[in-house]
Amino acid sequence: MIGYIKTYPPELKIKEYVKYNAYYCGICHSIKNRWGQIPRLTINYDCVFLAVFIDSIKKKENNYSDFRCIVHPVMNKKKVINSDTVDYIADINIYLSYLKLIDNIKDEKNIFHLSSERFMRIYGKKLRKKYAELTDKIDEHIEDMAILERERCDNIDQVAECYAKIVEDVCLFALKDIDENLKNVVGRIAYNVGNWVYTADAYDDIEKDIKKGMYNPYLARFGYEKGRDIAEFKKEIKERCSFLLYAPLKAATDLYEDIDEELKDPIVKNIIYEGLYDRTEKILNGEK
Amino acid sequence: MDPYKVLGVNRNDSDETIKKAYRELVKKYHPDKYTDTDLKDLANEKLQQVNMAYDTIVKNRKSKDYGYSYDESSYKGSFAEVRRHILNRNYAAADNILRNSTNRNAEWHYLRGVIFQKQGWYDQAYSYFEKAHLMDPSNPEYATAYSQTRSTANAYRSNVYTRGYSSADEDFCRLCQCLLCTSLCCR
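In every chain, residue numbers begin from 1 and rise along the written sequence. Here every chain gets a letter starting at A, and every ligand a number starting at 1, in the order they are written. The predicted nature of this model means local features are confined to residues of pLDDT at least 70 and side-chain atom pairs, given and counted, to a pLDDT of 80 or more, with totals for whole chains, interfaces and linings taken over all residues.

Engineer: Which parts of the structure should I look at to understand the packing of helix 1 (residues 14–35) of chain A against helix 11 (residues 266–284) of chain A?
Structural biologist: Working note: a packed helix pair is described by the angle between its axes plus the distance between those axes. Residues and elements named next belong to chain A. Lines fitted to C-alpha atoms define the axes, with helix axes restricted to the stretch in contact, and inter-axis angles between N-to-C directions lie between 0 and 180 degrees. Helix and strand definitions here come from DSSP, where helices need a minimum of 4 consecutive H or I residues and strands a minimum of 2 consecutive E residues; each element is numbered from the N-terminal end. Where helix 1 contacts helix 11, the two axes come as close as 10 Å, and the packing angle between them is 90°. Considered as vectors, helix 1 and helix 11 are oriented roughly perpendicular to each other. On the side of helix 1, the interface is formed by Glu16, Lys19 and Tyr20, while helix 11 contributes Pro266, Ile267 and Asn270. Split into classes, the residues belonging to the contact of helix 1 with helix 11 amount to three nonpolar, one polar and two charged. These descriptions rest on fixed angle ranges, namely under 35 degrees for roughly parallel, over 145 for roughly antiparallel, 65 to 115 for roughly perpendicular, and the rest for oblique. Placing C-beta atoms from the backbone, we regard two residues as in contact once those atoms come within 7 Å. Side-chain classes follow a simple rule in which Ala, Val, Leu, Ile, Met, Phe, Trp, Tyr, Cys and Pro form the nonpolar group, Asp, Glu, Lys and Arg form the charged group, and the remainder, Gly included, forms the polar group.

Engineer: Explain helix 2 (residues 45–58) of chain A to me, please; I cannot follow it from the model alone.
Structural biologist: Three or four residues apart is the spacing at which side chains of an α-helix point the same way, because the helix has 3.6 residues per turn. All names here are of chain A. With 14 residues, helix 2 should cover 20 Å at 1.5 Å per step; its first-to-last C-alpha distance of 20 Å lies within 8% of that length. The exposure label follows from counting other C-beta atoms within 10 Å of a residue's C-beta, where the C-beta atoms are placed from the backbone and the thresholds are 20 or more for buried and 12 or fewer for exposed, leaving partly exposed in between. Burial within helix 2 is extensive, with 12 of its 14 residues counted as buried. Residues of helix 2 that are buried sit in contact with helix 1, helix 3 (84–107), helix 6 (156–173), helix 7 (180–204) and helix 11. After helix 2 finishes, the residue Lys59 shows a positive phi value of roughly 55°. A helix is expected to span 1.5 Å multiplied by its residue count minus one.

Engineer: Is there a simple way to explain unusual backbone geometry in this structure?
Structural biologist: Positive phi is not limited to glycine here, since A:Lys59 has a value of about 55°. By secondary structure assignment, the location of A:Lys59 is in the loop between helix 2 and strand 1 (63–68). By the C-beta count within 10 Å, which is 11 here, A:Lys59 ends up exposed. If you check the backbone angles, B:Arg89 has positive phi at about 60° while not being a glycine.

Engineer: Even after reading the chapter, I still don't get the packing of helix 1 of chain A against helix 2 of chain A, so can you show me in this structure?
Structural biologist: All names here are of chain A. Viewed as axis vectors pointing N to C, helix 1 and helix 2 meet at an angle of 110°, and their least axial separation amounts to 9 Å. By the angle class used here, helix 1 and helix 2 are roughly perpendicular. Note that helix 1 runs across helix 2; the crossing there is right-handed. Contacts between helix 1 and helix 2 involve Tyr20, Tyr23, Tyr24 and Ile27 from the first element and Cys47, Val48, Ala51 and Val52 from the second. Residues that form the contact of helix 1 with helix 2 fall into these classes: eight nonpolar, no polar and no charged. By definition, any crossing whose near helix is turned counterclockwise from its far helix by less than a right angle is left-handed, and any crossing with a clockwise turn is right-handed.

Engineer: Is there a simple way to think about the environment of A:Gly213 in this case?
Structural biologist: Along the chain, the position of A:Gly213 falls in the loop between helix 8 (206–212) and helix 9 (217–221). The spacing of A:Gly213 and A:Asp66 is 147 residues in sequence and 49 Å in space, taken between C-alpha atoms.

Rendered as structure tokens:
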């Protein structure tokens with residue numbers, strides 16, 4: 001999870017904005033209360049989306065409480081409390097950050113990474129015990145992805161699928177009791193959002209990966225030759241890449257339209273329409 | 001058994017109506033909808049009857065050259081079974097038949113494209129639709145699939161804009177405009 005999935009605030013209502021932030025703070029506090037201070041640093045907005053999405057499908061109403069945040073001590077804030085989804089997502093967030101850390105170490109061994117890995121390893125172990133069924137699946141997808149990266153796979157769909165499946169599994173694990181048909185649709189939505197995160201992140205990394213000589217699915221797919229002008233290469237592949245980034249979003253929104261009106265959430269809609277659109281345009285135009 | 005009765009349609013109904021009735025029934029009896037094993041078996045049985053009835057009608061009408069339409073003509077191809085699996089969302093079975101087929105014509109490429117698209121393998125889907133269209137440019141089914149794929153980004157974009165999205169910069173312009181108007185009015 002990389003923090004790509006965000007809302008588009010100009011189109012959010014104030015009450016939705018408050019709810020969205022209450023989830024963020026709820027997850028942050030859930031980590032603090034159950035895992036301690038340091039893992040709080042791993043929190044990002046992707047997991048907030050998942051929590052809101054899961055709760056909206058479950059039609060779950062939340063309890064909120066007021067508090068003061070250490071980062072913004074003057075403001076009164078709200079947080080979601082006593083929520084299984086929030087606790088679950090808080091755990092998964094730590095687990096995925098731990099996996100990301102291991103991945104970073106493969107690319108670059110520095111003192112910071114190595115020492116935090118030692119520290120995070122304890123959490124990884126505990127979470128593998130607590131969610132054995134799910135973490136086995138996630139580990140398998142990560143392993144598949146590592147193999148494809150090692151082979152310098154030029155099938156971008158296949159590589160993206162590893163990540164997409166992780167997001168799908170994480171969502172469905174929290175929604176075991178829902179109707180089969182709905183589960184299918186929700187799974188596909190999660191898959192497509194995951195697919196987008198991977199393809200968007202990889203596109204964003206093209207320059208970096210060329211400079212470091214690392215694997216990037218776009219370079220393999222479109223046959224980048226060493227020493228070629230990066231801007232020219234990106235211009236040449238832009239149209240197809242624009243398709244690759246928008247295809248999963250189109251599919252996700254089409255699927256979301258099929259869901260019962262009462263299960264739809266304005267925050268989820270805001271994210272999969274405006275939020276991800278805004279982000280995609282920025283990535284394609286090379287803005288940060 | 002009268003195939004028309006199975007689908008609950010009249011003999012004189014158009015191909016379109018029959019297809020619609022067929023689709024409805026497939027949806028109704030889709031085994032995924034039932035968790036009870038007895039019900040599931042029953043649904044499966046019904047589904048097979050429906051499939052057979054539909055195939056019979058299509059075949060009969062074809063031989064009489066009744067109400068020819070392009071969509072129906074595609075069922076004449078060797079891939080009728082594949083299309084049925086796709087309709088039932090049984091992509092693995094459909095893919096399996098295609099992989100083992102040696103007849104790799106335009107329709108073969110098109111159908112693989114459909115399966116890839118359903119699976120979320122969009123880059124592959126794009127390439128296969130493109131190939132199908134190049135192999136048989138006169139076929140409207142492949143042409144539509146290809147042009148829809150090409151315009152995916154625009155389709156999504158227009159969905160976003162119909163919801164009322166406006167970029168932050170535009171908002172700022174509008175704010176200025178609004179202020180200007182107010183100041184003019186209040187003068």
